[in-house]
Amino acid sequence: MAKLTRPDLDSLPSYVPGRSPADLARELGISEAVKLASNEVPYGPLPGVLDAVAAAAAESHRYPDMGVLALREALSARYEVAMDRIVTGCGSVALLELLAKAATRPGDEIVYSWRSFEAYPIVAAGAGVRSVQVPNTPGHGHDLAAMAAAITDATRIVIVCNPNNPTGTSVRRAELTRFLDAVPDDVLVVLDEAYREFVTDAEVPDGLVEYADRPNVVVLRTMSKAWGLAGLRCGWLVAAPAVADAVRKVLTPFSTNMLAQAAAIAALRAEPEMRRRVDLIVADRETLVPRVRELVPGVPETQSNFYWLPIADPVGFGKACESRGVIVRPFPEGVRVTIGTPAENAAFLAAAEAALG
Ligand SMILES: Cc1ncc(COP(=O)(O)O)c(C=O)c1O
């Protein structure tokens, strides 16, 4: 049969979503599995979100506001950035795709640390752009000096994932500032801050506050994690007005849907409750990670709502946890585990103890 799609996509690994409790129920007959595989917050939608979604749904025979005015106003007020610098999208991943579309041509390069967020190679390949993957440091973090050195005349975008998914590591202020100073003006630096709300280390800079005024910096944020809206798909970026305009030119019309817009506004109003939930997760993180380290040496410090297990047989460990009703996320180099409720975290510790014998 004639080849109807791009042959270069054949070898591209597909995005692997975290497995769901329904998968375990079907395959293993486990009815009450704990899902710690997708870095979601386990406490349900924030107060006000369900009512806002229901009210918006009553109008859902109409198209949503394509300018996303009310949500951009709310974000602008909350984060003190001008509205013309904010673009929303169907998840922050979609915004990264749009940035690649707006800033690159086939044959250009995108530089990022590896291992990092698994969507990056997919976004690059989709845009026909070469991925330049700079190996993580031995401590599983970004090697910013090597990333700066990897930039060539063909580089259009560099991504810094801070904190890094899946290893949880963070880059700190002095090294990030040095890096940004070294990147040429005509290269976009995307600061992917999907997990910013979980950061407690004052040395880990808030990209929006500290760097977003640089013309070549784009800050990506999501409503999927701390704000609890993963299922509704809403992310946003802050960029220089010209960059934001270029992204708006290539975006899929109406792709921030009506329910997502209403839910995101309601979630922002519930910020104190978001903070309370994030504080619970951070408090659990403080006690959990040292206990996990007793089982798996070398777990790096995490500033996110997950931690990284650098173990030898990630797939085997993942299967062993699943057989005990706990879903984690194996990668070739290790396993990522989301911090859930205290009961879920205890279930993981018990499963890990049993799995590691
Ligand atoms: C680093 C990073 N960026 C972006 C995203 C995607 O978020 P969204 O749900 O907004 O597309 C994720 C989700 O896992 C992530 O880990």
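This structure is a prediction, so every number in the text was calculated from the model and none was measured.

### Side note on the overall build of the chain
For the chain, the helix and strand inventory stands at 13 helices and 12 strands. The principal-axis extents of the C-alpha atoms in the chain amount to approximately 55 × 55 × 50 Å. Across the 357 residues of the chain, 54% fall into the buried class. About 15,500 Å² of surface is accessible on the chain, with carbon and sulfur atoms providing 56% of the total. Averaged over its 35 positive side-chain charges, the chain has a centre that lies 3 Å from the centre of its 43 negative ones.

### Overview of the side chain of Thr338
Among the structural elements, Thr338 can be located in strand E12 (residues 334-338). In terms of polar contacts, Thr338 uses its side chain to reach the side chain of Asn39, at 2.8 Å.

### Side note on the UniProt feature "modified residue: N6-(pyridoxal phosphate)lysine" (unreviewed entry) in the chain
Residues annotated by UniProt as "modified residue: N6-(pyridoxal phosphate)lysine" (unreviewed entry) correspond here to Lys225. As for its position among the elements, Lys225 is in the loop between strand E7 (217-222) and strand E8 (235-238). Residues within four places of Lys225 in sequence aside, it is in contact with Ser38, Asn39, Val41, Ala194, Tyr195 and Phe198.

### Some thoughts on unusual backbone geometry
Residue Arg115 is reached from Trp114 by a cis peptide bond, and omega for that bond is 15 degrees. Cis geometry is adopted by the peptide bond preceding Pro166, which originates at Asn165 and carries an omega value of 15 degrees. For Asn39, which is not glycine, the phi dihedral falls at a positive 55 degrees. As for its position among the elements, Asn39 is in the loop between strand E1 (34-35) and helix H2 (49-57). Not every positive phi belongs to a glycine, and Phe254 is a case in point at roughly 65 degrees. As for its placement among the helices and strands, Phe254 is situated in the loop between helix H9 (241-250) and helix H10 (258-269). A relative accessible area of 30% means that Phe254 is categorised as partly exposed.

### Quick word on the site of the ligand
Neighbouring the ligand are 13 residues, the closest being Ser92, Asn165, Tyr195, Thr222 and Ser224. Tyr195 is positioned with one of its side-chain polar atoms (N or O) 2.7 Å from an oxygen atom of the ligand. Between the ligand and Ser224, the relevant distance is 2.6 Å, taken from an oxygen atom to a side-chain nitrogen or oxygen of the residue. Against a free-state accessible area of 400 Å², the protein chains account for coverage of 94% of the ligand.

### Remarks on the UniProt feature "domain: Aminotransferase class I/classII large" (unreviewed entry) in the chain
With numbering aligned to this structure, UniProt lists the feature "domain: Aminotransferase class I/classII large" (unreviewed entry) at residues 33-349. Summarising residues 33-349: 40% helix, 17% strand, and an end-to-end C-alpha distance of 14 Å.

### Quick look at the nonpolar core
Residues Phe179, Tyr307, Leu309 and Phe348 are the most contacted members of the largest nonpolar core, which totals 80 residues. Looking at which element gives the most residues to this core, the answer is H10, with 9 residues. Formed jointly, this core draws a minimum of three residues from each of two domains, domain 1 (16-39 + 272-355) and domain 2 (49-270). Those residues in contact with Phe179 that sit more than four places away from it in its chain are Leu144, Met147, Ala148, Val158, Val160 and Val189. In terms of nonpolar packing, the next biggest core, distinct from the first, is built from 29 residues, Val87, Val129, Leu188 and Val247 among them.

### Some remarks on the packing of helix H11 (residues 271-295) against helix H13 (residues 342-355)
Taken N-terminus to C-terminus, the directions of H11 and H13 make an angle of 5 degrees; their axes are 11 Å apart at the nearest point. Here H11 is positioned roughly parallel relative to H13, judged by the angle of their axes. Side by side, H11 and H13 meet where Asp284, Leu288, Arg291, Val292 and Leu295 of the first sit next to Pro342, Asn345, Phe348, Leu349, Ala352 and Glu353 of the second.

### Thoughts on the domain arrangement of the chain
Note: interface size is frequently given as the accessible area lost on complex formation between the parts. Split by domain assignment, the chain resolves into domain 1 (16-39 + 272-355) and domain 2 (49-270). The centre of domain 1, based on its C-alpha atoms, is set 25 Å off from the matching centre of domain 2. With 26 residues of domain 1 in contact, the opposing surface of domain 2 contributes 25 residues. Summed over both sides, the interface of domain 1 with domain 2 buries roughly 2,000 Å², with 55% coming from carbon and sulfur. Taken together, the connections running from domain 1 to domain 2 amount to 3 salt bridges. Put simply, Arg115 and Glu333 hold a salt bridge, and the shortest N to O gap is 2.6 Å. Taken together, the links from domain 1 to domain 2 amount to 15 residue pairs in polar contact (both at pLDDT 80 or more). Sorting the residues of the side of domain 1 that touches domain 2 by element identifies H11, strand E9 (306-309) and strand E11 (329-331) as the ones contributing at least two each. A total of 8 residues in the side of domain 1 that touches domain 2 trace back to one element, the largest contributor, which is H11. Of the residues contributing to the side of domain 1 that touches domain 2, the split by class is 12 nonpolar, 7 polar and 7 charged.

### Digging into the state of the cysteines
Disulfide: a covalent bond formed between the sulfur atoms of two cysteine residues. Counted by the stated rule, this structure contains 0 disulfides. Left without a disulfide partner, Cys161 is nearest to the cysteine sulfur of Cys234, which lies 19 Å away. Judged by relative accessible area, Cys161 falls into the buried class, the value being 4%. In this structure Cys234 is not part of a disulfide, and its nearest cysteine sulfur, from Cys90, lies 8.9 Å away.

Criteria and cut-off values
- Residues numbered from 1 in each chain as written.
- Predicted model: local features only at pLDDT ≥ 70, side-chain atom pairs only at ≥ 80, totals over all residues.
- Heavy atoms only, no water.
- Helix = DSSP H or I, 4+ residues; strand = E, 2+ residues; numbered from the N terminus.
- Buried < 20%, exposed > 50% of the residue type's maximum accessible area, 1.4 Å probe, protein only.
- Areas by Shrake-Rupley, 256 points an atom, 1.4 Å probe, with all protein chains shown as cover.
- Lys, Arg positive; Asp, Glu negative; His and termini not counted.
- Charge placed at Lys NZ, Arg CZ, Asp CG, Glu CD.
- Polar contact = N/O pair within 3.5 Å; in protein donor to acceptor, adjacent residues only side chain to side chain.
- UniProt positions renumbered as here; feature names shortened; annotations may be inferred.
- Contact = heavy atoms within 4.5 Å.
- Near = heavy atom within 4 Å.
- Core = buried A, V, L, I, M, F, W, Y, C linked by side-chain atoms within 4.5 Å.
- Domains from an automatic or database assignment.
- Axes fitted to C-alpha atoms, helices over the stretch in contact; angles between N-to-C directions.
- Parallel < 35°, antiparallel > 145°, perpendicular 65-115°, else oblique.
- Buried area = accessible area lost by both parts, 1.4 Å probe.
- Salt bridge = Lys/Arg side-chain N within 4 Å of Asp/Glu carboxyl O.
- Nonpolar A, V, L, I, M, F, W, Y, C, P; charged D, E, K, R; others polar.
- Disulfide = S-S within 2.5 Å.

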